[in-house]
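The residues making up each chain are set out below.
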Amino acid sequence: MLALAHLSKTYADGTRALADVNLEVRAGEIVALIGGSGCGKTTLMRLVAGLDRPSAGAIRVDGEAVEGPHPAVGVVFQEPRLLPWLDIADNVGFGLLDRPAPERRARVAAALERVGLAEHARRRPRDLSGGQQQRVAIARAFVTRPRVLLLDEPFSALDALTRASLHEGLLALWGQDRPTIVLVTHDVGEAVALADRAVVMRPKPGRVDDEVPLRLARPRDRASPAFEAASRRVMAALDRSLTPDESRPAREPQGAALWW
Amino acid sequence: MTATDTLAPSPAPARTALRVPAAALGLALPVVMALAWEGAVRMGIAEGRLMPPPSRIGAMLLDLARSGDLVLHGGATLGRVAAGFALGAVAGIGFGALSGASPPARRLLDPTLQALRAIPSIAWVPLFILWLGIFEASKVALIAVGVFFPVYLGVVGAILGVDRKLVEVGRVFRLNRSQLARRILLPAVLPDTVTALRSGLGLGFMFVVAAEFMGASEGLGYLLVDGQQMGKPDQILAAIIAFALLGKAADTLLVAATAPLLRWQDTARERL
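Residues numbered from 1 in each chain as written. Chains lettered and ligands numbered in written order. Predicted model: local features only at pLDDT ≥ 70, side-chain atom pairs only at ≥ 80, totals over all residues. Heavy atoms only, no water.

Asker: Please set out a nonpolar patch on the surface residue by residue, giving values where relevant.
Answerer: Taken together, the side chains of B:Leu127, B:Leu130, B:Trp131 and B:Leu132 define a hydrophobic patch exposed on the protein surface, amounting to about 450 Å² of accessible area. As for its position among the elements, B:Leu127 is in helix H6 (residues 125–132). (Patch = residues over 30% accessible without salt bridge, like charges linked within 9 Å, V, L, I, M, F, W, Y side chains within 5 Å. Areas by Shrake-Rupley, 256 points an atom, 1.4 Å probe, with all protein chains shown as cover. Salt bridge = Lys/Arg side-chain N within 4 Å of Asp/Glu carboxyl O. Helix = DSSP H or I, 4+ residues; strand = E, 2+ residues; numbered from the N terminus.)

Asker: So what's going on with the interface of chain B and chain A? Which residues, and what values?
Answerer: Taken residue by residue, the interface counts 19 residues in chain B and 21 residues in chain A. Summed over both partners, the interface of chain B with chain A comes to about 2,000 Å²; 66% of that surface belongs to carbon and sulfur atoms. Contact with chain A buries surface across chain B, with B:Phe173, B:Arg183 and B:Trp264 losing the most and accounting together for 33% of the total. Joining chain B to chain A, the criterion identifies 3 salt bridges. Measuring nitrogen to oxygen at the nearest pair gives 2.8 Å for the salt bridge that ties B:Glu168 to A:Arg81. Summed over the shared surface of chain B and chain A, the number is 6 residue pairs in polar contact (both at pLDDT 80 or more). Elements with a minimum of two residues in the side of chain B that touches chain A: helix H8 (164–172) and helix H9 (177–213) of chain B. Broken down by element, the residue count for the side of chain B that touches chain A peaks at 8 residues, all from H8(B). Among the residues making up the side of chain B that touches chain A, the classes are represented as 9 nonpolar, 2 polar and 8 charged. (Contact = heavy atoms within 4.5 Å. Buried area = accessible area lost by both parts, 1.4 Å probe. Polar contact = N/O pair within 3.5 Å; in protein donor to acceptor, adjacent residues only side chain to side chain. Nonpolar A, V, L, I, M, F, W, Y, C, P; charged D, E, K, R; others polar.)

Asker: Give me the lowdown on the domain arrangement of chain A, citing residues and values where you can.
Answerer: Residue and element names in this part refer to chain A. According to the domain assignment, chain A contains domain 1 (2–72 + 148–258) and domain 2 (81–145). Distance between the C-alpha centres of domain 1 and domain 2: 26 Å. Each side of the interface is counted separately: domain 1 has 13 residues, and domain 2 has 10 residues. Here domain 1 and domain 2 share an interface that buries about 1,000 Å² over both sides, 74% of which is from carbon and sulfur atoms. (Domains from an automatic or database assignment.)

Asker: Describe the UniProt feature "domain: ABC transporter" (unreviewed entry) in chain A, and please don't skip the residues or the numbers.
Answerer: Taking the UniProt record as the reference, the feature "domain: ABC transporter" (unreviewed entry) is found at residues 2–228 of chain A. Annotated as 31% helix and 26% strand, the span residues 2–228 of chain A places its first and last C-alpha atoms 29 Å apart. (UniProt positions renumbered as here; feature names shortened; annotations may be inferred.)

Asker: Give a detailed account of the packing of aromatic side chains, specifying residues and quantitative values.
Answerer: The final tally for this structure, using the stated rule, is 6 aromatic pairs over all chains. Between A:Phe94 and B:Phe173, the aromatic rings sit 5.8 Å apart at their centres with planes inclined by 75°, giving edge-to-face as the arrangement. With A:Phe94 in the loop between helix H2 (88–92) and helix H3 (101–114) and B:Phe173 in the loop between H8 and H9, this residue pair bridges two chains. Both residues of the pair, A:Phe94 and B:Phe173, belong to the buried class. Here the aromatic residues B:Phe95, B:Phe148, B:Phe149 and B:Tyr152 are joined through ring pairs into a cluster of three or more. One Lys or Arg, A:Arg81, reaches over the ring of A:Phe77 and ends 3.8 Å from the middle of that ring. (Phe/Tyr/Trp six-rings, centres within 6.5 Å; stacked < 30°, edge-to-face > 60°. Buried < 20%, exposed > 50% of the residue type's maximum accessible area, 1.4 Å probe, protein only. Lys NZ or Arg CZ within 6 Å of the ring centre and 35° of its normal.)

Take a look at the structure:
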């Protein structure tokens with residue numbers, strides 16, 4: 001389980017990127033963090049990844065405090081961030097270099113097979129399309145079998161078709177070891193297609209504004225009425241999060257649950 | 001042949017037909033000028049005493065090659081450049097790596113090195129001669145100084161310019177400092193380091209001429225001075241051509257030697 005308690009981040013210039021964020025993500029749950037730009041989604045991800053230190057509060061993975069990059073936490077960035085001098089197989093195996101070579105080779109081959117890039121193992125990142133590169137990045141994160149996987153708008157630079165196929169690929173990978181996934185996104189359709197719960201964030205300072213449970217059976221049909229209803233609920237919560245505090249009427253405590 | 005083959009436009013032959021002259025175009029100007037000068041001298045339009053025609057320069061090169069002088073002088077020059085380049089490059093990479101990797105070292109070293117860089121390297125000559133004598137040591141030292149600064153600057157710049165995003169990938173996978181240096185920083189700085197070495201090598205050839213002007217009994221620079229004092233412009237031009245060929249050959253060798261390390265680069269670098 002991933003638990004964030006009273007997490008705050010104030011940058012040196014005084015910007016309050018996050019203020020008192022509390023969030024618990026069950027083991028194996030997929031949570032979509034959604035919100036307008038500047039609401040601290042990426043800051044939150046960087047804190048959980050251990051790349052930045054919080055100003056206050058604590059992050060725990062299965063009770064262990066995260067105080068720097070943690071072996072149980074994997075990250076997929078917005079850009080593929082592959083190492084251009086390594087071939088695809090070596091990029092995928094980058095996090096496994098402390099393992100014996102046969103095990104490494106087997107796990108890399110299995111991961112490449114799962115993302116459908118086995119025949120590209122010996123090619124360089126530059127020879128692959130953007131979608132293929134992002135698949136390599138996802139395989140690189142999955143191959144270390146993290147308990148928590150963070151994805152920071154990993155599909156935002158891709159076209160809609162590629163994105164949809166990567167969504168399926170991601171769910172297939174998730175189905176194997178069922179890691180906890182935190183997916184940062186600004187795409188409502190993506191959140192509804194993938195997540196068990198959408199956490200809507202609100203900017204200035206970044207904080208959790210609302211939560212929308214997404215209890216749709218998988219595989220999810222984007223054209224189904226339930227999918228559209230869920231999208232509308234997330235969209236409405238997102239709209240509310242973008243209206244300034246002052247102009248917003250006080251919301252009844254269970255607004256999210258009652259919004260249909 | 002399939003239907004698509006016949007339907008497809010065939011621009012390939014047209015393009016290669018254009019490309020061959022394009023490559024030859026660069027040769028056209030010097031060749032035409034050389035032929036024109038040769039013709040002018042042959043027909044008595046020009047005298048050609050101070051600017052000998054290509055045939056005389058070629059004959060002089062051939063003479064020098066036959067007598068073994070070309071190998072002697074070229075070898076002497078090449079030896080000095082090699083020694084000076086090796087010293088300057090090793091020092092430049094060493095100090096550059098230190099300055100680039102450690103901010104305290106950078107704050108300590110960089111101001112001094114930048115101040116030394118502001119001194120025109122030739123200005124060191126009298127001091128080097130006083131300290132190291134008039135023979136090889138002072139020449140090699142001058143070349144080493146000339147090579148040092150571009151290599152130092154290039155390496156520092158390369159290290160400071162490493163993509164923070166790739167460094168973060170290393171951090172996410174919890175690499176320690178030496179792993180980070182070996183697996184991310186080193187490969188990432190190699191291309192710029194090679195570029196820095198290439199400009200260092202070019203400066204090495206520049207400074208070897210200066211060094212050999214200061215008094216040498218062998219070397220291509222000596223051939224230049226000798227040609228001036230003896231009034232032999234064909235020898236000067238032959239030495240200049242030998243310099244150009246040696247410099248280009250050394251650069252090509254450096255590029256070829258480092259190419260396997262940089263094959264991953266997604267750039268048009270090899271065309272430069």
